[in-house]
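# Coordinate inspection notes
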Amino acid sequence: HHTTPEDLYDRLSAAGVADRSHQTYLLRALHLLGNILYFDDDEELRDTIILRPQWVNSQIAKVLDSQEVADKHGLLTRTHEQQLWSDLDPGLRDRLLRMMEKFDLSYRITDDATAASLVVERLPWDNPPYQALWGAALTERGAHEIRLRYQLSTLPPGVPTWFIAREHRF
């Protein structure tokens, strides 16, 4: 399902493509065609090449289809991650989570060691009861509030989840 760039470079050399620039071009072309997943511009993903992108889809689907993640309002815990991907080594699990982040399907939770990620597609549709907490925070000394209101005549598919994943830190 996956390999390292070095292994693939060796295989390409054995197949007659020995020039490194040609190898890199070929890998990028195969990525653009959807035949492999090769993220040479991503520090965390560049050392793994996915040879079967459909395999990644099936691994991510395990998370998106998980009733436990839905029951926890989109939270993927480290324990559940290990259960869902029990056949994968921890490094590969982290790469899959990074791919989910890259495609705005989730984002990392760094302040809780038991949590792996918040899966945007599994967040509840109803707003959480945040008003009391928000109001209390505004009474603290030096607190400021900035509001943005977006009004769209239609809501393009994916915009809410994309926005949540990209702006979660705020």
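Described in the following lines is the structure provided in the data block. (Residues numbered from 1 in each chain as written. Predicted model: local features only at pLDDT ≥ 70, side-chain atom pairs only at ≥ 80, totals over all residues. Heavy atoms only, no water.)

As a further point, take the packing of aromatic side chains. This structure, assessed with the given rule, holds 1 aromatic pair. Centre to centre, the rings of F39 and F103 are 6.0 Å apart; their planes meet at 65°, and the pair counts as edge-to-face. Residue F39 is found in the loop between helix 2 (20-32) and strand 2 (49-50), and its partner F103 is found in the loop between helix 6 (90-102) and strand 4 (106-108); the two are separated by 64 residues along the sequence. By relative accessible area, which is 46% here, F103 ends up partly exposed. If you follow R20 out to its NZ or CZ, it ends over the ring of Y9, 3.7 Å from the centre. (Phe/Tyr/Trp six-rings, centres within 6.5 Å; stacked < 30°, edge-to-face > 60°. Helix = DSSP H or I, 4+ residues; strand = E, 2+ residues; numbered from the N terminus. Buried < 20%, exposed > 50% of the residue type's maximum accessible area, 1.4 Å probe, protein only. Lys NZ or Arg CZ within 6 Å of the ring centre and 35° of its normal.)

A separate point is the sheet that holds strand 3 (residues 75-77). Spatially, 3 strands are ordered 3-5-4 in an open sheet, and the strand pairing comes out antiparallel. Two strands bound the open sheet, and with one partner strand each, they are strand 3 and strand 4. Recorded for the sheet is a direction-independent mean angle of 25° between the axes of neighbouring strands. Note that strand 3 and strand 5 (residues 115-119) share 3 bridges and pair antiparallel. Bridge assignment links T77 to a residue of strand 5, and that residue is A115. On the sheet, helix 6 packs against strand 3, strand 4 and strand 5 and is oriented at approximately 120° with respect to strand 4. (Pairing = 2+ DSSP bridges. Axes fitted to C-alpha atoms, helices over the stretch in contact; angles between N-to-C directions. Contact = heavy atoms within 4.5 Å.)

Here the focus is the nonpolar core. It is characteristic of soluble globular proteins that their nonpolar side chains tend to be buried jointly. Ranked by internal contacts, the top residues of the largest apolar core, which has 21 residues, are W55, V56, V63, L76, W85, M99 and M100. The next biggest cluster of nonpolar side chains, apart from the first, holds 7 residues, and it includes Y9, L27, I36 and I49. (Core = buried A, V, L, I, M, F, W, Y, C linked by side-chain atoms within 4.5 Å.)

Let us now look at a nonpolar patch on the surface. A surface patch of nonpolar side chains, about 620 Å² in accessible area, is lined by I146, L148, Y150, W162 and F163. Of note, Y150 is situated in the loop between helix 7 (131-138) and helix 8 (159-167). (Patch = residues over 30% accessible without salt bridge, like charges linked within 9 Å, V, L, I, M, F, W, Y side chains within 5 Å. Areas by Shrake-Rupley, 256 points an atom, 1.4 Å probe, with all protein chains shown as cover. Salt bridge = Lys/Arg side-chain N within 4 Å of Asp/Glu carboxyl O.)

Relative to the elements of secondary structure, L88 occurs in the loop between helix 5 (78-84) and helix 6. Taking the C-alpha atoms as reference points, L88 and E140, 52 residues apart in sequence, are found 46 Å from one another. When residues no more than four places from it in sequence are discounted, the contact partners of L88 are W55, Q59, R93 and L96.

Given a rise of 1.5 Å per residue, 13 residues ought to cover 18 Å, and the 18 Å separating the end C-alpha atoms of helix 6 matches this to within 8%. Buried within helix 6 we find L92, R93, R95, L96, L97, R98, M99, M100 and E101. Two or three places before G91, at the opening of helix 6, D89 has a side-chain oxygen 3.0 Å from that residue's backbone nitrogen. At the exit of helix 6 stands D104, carrying a positive phi of roughly 60°. (Expected span 1.5 Å × (residues − 1). Polar contact = N/O pair within 3.5 Å; in protein donor to acceptor, adjacent residues only side chain to side chain.)

The next thing to look at is the environment of R78. Among the secondary structure elements, R78 is positioned in helix 5. Looking at R78, the relative accessible area reads 30%, which means it is partly exposed. Each C-alpha atom of the pair R78 and A115 lies 5.4 Å from the other, and the pair is 37 residues apart in sequence. Excluding its chain neighbours within four sequence positions, the residues that come into contact with R78 are D94, L97, A113, T114, A115 and A116.

This part takes up unusual backbone geometry. Even without being glycine, H73 reaches a positive phi, approximately 55°. Considering the arrangement of structural elements, one finds H73 in the loop between helix 4 (67-71) and strand 3. Even without a glycine there, the phi angle at D104 is positive, about 60°. Position of D104 among the secondary structure elements: in the loop between helix 6 and strand 4. With relative accessibility at 11%, the residue D104 sits in the buried group.

So far we have only geometry, and geometry alone does not tell us how the molecule works.
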